[in-house]
Amino acid sequence: MTTRERTSPPLPLCRAMIANTLPLTMKITSLTLAVASTTTYVAARHPAVTVPAKFRAHLKCPYAEKWVQKGPEQAARELGLDGRSMRRLQAGLPDEVAGSCNFVNAFSGGMTCLQFNGAWTDEERTARCDTENDSFYSDGGCVAGDGEELGGWCTKDAGEGKVEATAMILSDMADCSGSEMACGSFMQGSFIAAGSCASSDAPAAAGGGPPPGVVADGGGPPPGVMTGGGAPPPGVMAGGDPSTGGKCILAPGAIGAAHQAGFSKGYSKTCPGAHAEGSPYMWPLKWAADYENHAMAYGSDDVVYNSRGRTFYSLDRNWKRSDTNYALGTLRTIGQGPCMDSIGTNSCLYNQTSEVTTMIHRENMMYFIDYKEDSDAVLGETDASKIANCSKLNLAVVGNIRPDWFLDSRGDDTDVQYLGDQHVFYDTKLPKLVKQWRKKDFASQYFVMSMRGNPPNYLAKDPDAPEIDDIHLPLILNIPGEGFGDDSIQVYRNHALLDEDDDDLFLLIENFEALGGVCVDPSDFEGGGVGPPSTDEHIPSNLEVDPLSWVSNEVTFSPVWVNTKEVSSTMDKEVETSTSAKTVIEASERVTVQACLDEASMMIDYSIHYRDMIPAGDGTLPWV
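Reading the values: rules and limits
- Residues numbered from 1 in each chain as written.
- Predicted model: local features only at pLDDT ≥ 70, side-chain atom pairs only at ≥ 80, totals over all residues.
- Heavy atoms only, no water.
- Disulfide = S-S within 2.5 Å.
- Helix = DSSP H or I, 4+ residues; strand = E, 2+ residues; numbered from the N terminus.
- Buried < 20%, exposed > 50% of the residue type's maximum accessible area, 1.4 Å probe, protein only.
- Polar contact = N/O pair within 3.5 Å; in protein donor to acceptor, adjacent residues only side chain to side chain.
- Contact = heavy atoms within 4.5 Å.
- Core = buried A, V, L, I, M, F, W, Y, C linked by side-chain atoms within 4.5 Å.
- Phe/Tyr/Trp six-rings, centres within 6.5 Å; stacked < 30°, edge-to-face > 60°.
- Lys NZ or Arg CZ within 6 Å of the ring centre and 35° of its normal.
- Arc of directions from axis to C-beta.
- pLDDT = per-residue confidence, 0-100.
- Salt bridge = Lys/Arg side-chain N within 4 Å of Asp/Glu carboxyl O.

Chemist: Which parts of the structure should I look at to understand the state of the cysteines?
Modeler: Formally, a disulfide is one covalent bond, and it connects the sulfur atom of one cysteine to the sulfur atom of another. On inspection of all chains with the given rule, the structure shows five disulfides. For Cys101, the disulfide goes to Cys129, at an S-S distance of 2.0 Å. Its S-S torsion of approximately 80° makes the covalent link between Cys101 and Cys129 right-handed. Residue Cys101 is found in strand β3 (residues 97–104), and its partner Cys129 is found in helix α3 (residues 122–130); the two are separated by 28 residues along the sequence. Given the relative accessible area of 3%, Cys129 is considered buried. Note on cysteine connectivity: Cys390 is disulfide-linked to Cys519, with sulfurs 1.9 Å apart. Measuring handedness by torsion sign, the sulfur bridge of Cys390 and Cys519 sits at about 90° and is right-handed.

Chemist: How should the side chain of Arg402 be read in this particular structure?
Modeler: Locating Arg402 in the fold gives a position in the loop between β17 (398–401) and β18 (415–426). Judged by its relative accessible area of 0%, Arg402 is buried. A distance of 2.9 Å separates polar atoms of two side chains, one belonging to Arg402 and the other to Asp408. Once you skip the residues sitting within four places of it in the chain, Arg402 turns out to touch Leu250, Gly256, Ala257, Ala258, His259, Gln260, Tyr267, Asp408, Arg410 and Lys439.

Chemist: For this particular structure, what's the right way to read the nonpolar core?
Modeler: Soluble globular proteins: nonpolar side chains tend toward being buried together. Counting 30 residues, the largest nonpolar core has Trp283, Trp405, Phe406 and Trp437 as the members making the most contacts within it. Ranked by size, the runner-up nonpolar core spans 14 residues in total, among them Ile369, Ile387, Cys390 and Cys519.

Chemist: Got a minute to help me understand the environment of Asp469 in this structure?
Modeler: In this fold, Asp469 is placed in the loop between β20 (446–452) and β21 (474–479). The spacing of Asp469 and Asn457 is 12 residues in sequence and 5.4 Å in space, taken between C-alpha atoms. The contacts of Asp469, once residues within four sequence positions are left out, are Arg452, Pro455, Pro456 and Asn457.

Chemist: Is there a simple way to think about the packing of aromatic side chains in this case?
Modeler: Describing an aromatic ring pair means giving the distance of the ring centres and the angle of the ring planes. A full pass over the atoms with the stated rule returns 19 aromatic pairs. Here the aromatic rings of Tyr418 and Trp437 are separated by 5.1 Å at their centres, their planes lie at 45°, and the arrangement is tilted. Here Trp437 lies in strand β19 (residues 430–440) and Tyr418 lies in strand β18, a separation of 19 residues in the sequence. Just as Tyr418 is buried, Trp437 falls in that class too. Seen from their ring centres, Tyr418 and Phe557 are 5.4 Å apart, and the 80° between their planes marks the pair as edge-to-face. Here the residue Tyr418 occupies a position in strand β18, and Phe557 occupies one in the loop between α5 (508–514) and β23 (581–586), the gap between them amounting to 139 residues. Since its relative accessible area comes to 36%, Phe557 is described here as partly exposed. In this structure an aromatic cluster arises from ring pairing among Tyr281, Trp283, Trp287, Tyr313, Trp405, Phe406, Tyr418, Trp437, Phe447, Tyr492 and Phe557. Geometry around Tyr326 places Arg308 over its ring, the cationic atom sitting 3.8 Å from the centre.

Chemist: I would appreciate a short explanation of α3 in the present structure.
Modeler: An α-helix turns once per 3.6 residues; consequently, residues spaced three or four apart project the same way. Turning to α3, its buried residues are Arg125, Arg128 and Cys129. Angular distribution of buried residues about the axis of α3 spans 95°; they occupy a single face of the element. For α3, exposure combined with an orientation more than 90 degrees from the buried face picks out Glu123 and Asp130. Tucked inside the fold, the buried residues of α3 contact β3, β4 (111–118), β5 (133–138) and β7 (162–169).

Chemist: I would appreciate a short explanation of the confidence of the model for the protein chain in the present structure.
Modeler: Low-confidence regions, as indicated by low pLDDT, have predicted coordinates that should not be scrutinised in detail. Across the protein chain, the average pLDDT comes to 73, with 62% of residues at or above 70. Here residues 1–48 scores under 50 on pLDDT; set against residues more than four positions off or in separate chains, the count is 166 contacts. Confidence drops under pLDDT 50 across residues 202–240; counting only partners more than four residues distant or on other chains, this segment forms 118 contacts.

Chemist: Honestly, the pattern of salt bridges in this entry has me stumped. Any pointers?
Modeler: Think of it this way: side chains of opposite charge can pair up when their charged atoms draw near. Tallying each qualifying case throughout the model produces 19 salt bridges. One salt bridge connects Arg321 with Asp323, and the closest N-O pair in it is separated by 2.9 Å. Note on accessibility: Arg321 and Asp323 belong to one class, buried. Residue Asp404 is joined to Arg410 by a salt bridge in which the shortest nitrogen-to-oxygen separation is 3.2 Å. Judged by relative accessible area, Arg410 falls into the buried class, the value being 13%. Among the charged side chains, a salt-bridge network with shared partners connects Arg402, Asp404, Asp408 and Arg410.

Shown next as structure tokens:
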């Protein structure tokens, strides 16, 4: 088996500094060029919210900030990731059914059925169906199964009298209103109700029954019509591989580059199809560690914000908890809540040196907890009677980080670069060997994850050693500001493994509610307000993807998935240069010209790089 590979454009080697009048020399080498891939996705909508300022320190996991603040759909629009160009259909379906396409849903691994209505040609239907994963075409329409009820259609206008329509099957988890919401929010379409869902409040298919081409009782659902209770809205994301029990489901689009879906029941070390399946470098599923985060302004190494606390993960259940007991300095970010010491529009001055605050993220729900004054609450507090206030936020499709987020290139608008081993000073004075990966995000910035290279029991292999002594633990994480905040570096210390006996850490909300407590909606925050926050200021990052150094290189160390990627190099053919300035120009899909200025001799060396060219018997190219 082979991993899915992403490729990147040719890498420029250094910037140009060329004088056209200088004498030239020429060298010929070979180089394999790569072609950049482009992806689009359908983002999910959820209400944009304002999170209280004191909880901003909790939102430091990759990709969280933008999705929490704006919602996946709005964030995608502002970042230019919503590549769908189809217009929403506001009228009924054309009577003519031209066929249907059944395909594997890219988010879940389940099947989806897409029906073609209107004036589709054979070529158009085939071409459209071929864009989907593991698809097959049928001359008939989508068929609702025996005992299943079609709630309606999610439609998109493809132009020139052509319409795409996805069948929406009702279930316990997706009633009429849920199906309509899923169509508009998740699938970016318009809902046309059918059957019992048809009413004056929603556009109904002609006659109030199934739209043209749909068989009401078809003797069992074909592949592509999602059925069954307990599943997410039909047509969007199914429950993934049935063998996982609702686990291992990625969030849609770019969010899935790092996060589980909000309705996923957790993750495992052996998620089917995961590129890092079984990798020893995945994060542990159940662990805790003290963290310290330092934020630095662009162009400076001065720390402008520092926070500390302890974080707890139970990723096998899609749970996380983060406790903070120290936050000092100026935090720059959008969407901050009430701030006693604001500095400009999107900056807040913090001085939290003893108070403990808690954030709990379980599946799609996030909770923010304040403790009573003089309650002596500690990091990892489990006494719910000490809680003073609790608020909650529904993140819809956004779940917790997946433990293999930095290892693979799954999800949209992302990439990964395995960097290999190096020694670093960990915790200021302790040298450690780390294995590093870069992970590109939707803003074309990147995280750097440093995992422990040499566990304490690596050489001794003592069978009686503690389990944690055999684990490659996360040690250092570089976090980009993503255009609306400062970059930061986060260090993890004092690691520990968790088990079921630690569940009380994550069940604080249930214990609080059992005492009569209530977690309020975040829109009730004083001065919080709802609606997409915005900023006209783009904050630059020192972690912008640099084409001079970025190479797509997915290496997961999975014992299941073998990386067969061939890494091209010019090292096997020496290129003699003493240059300090180079430029690379892609002359065509098969030819790249590299011009290098040798400042010592004031000459320009040209290197021409060819792809898929076979040299003649004497080693020269056919026309040389």
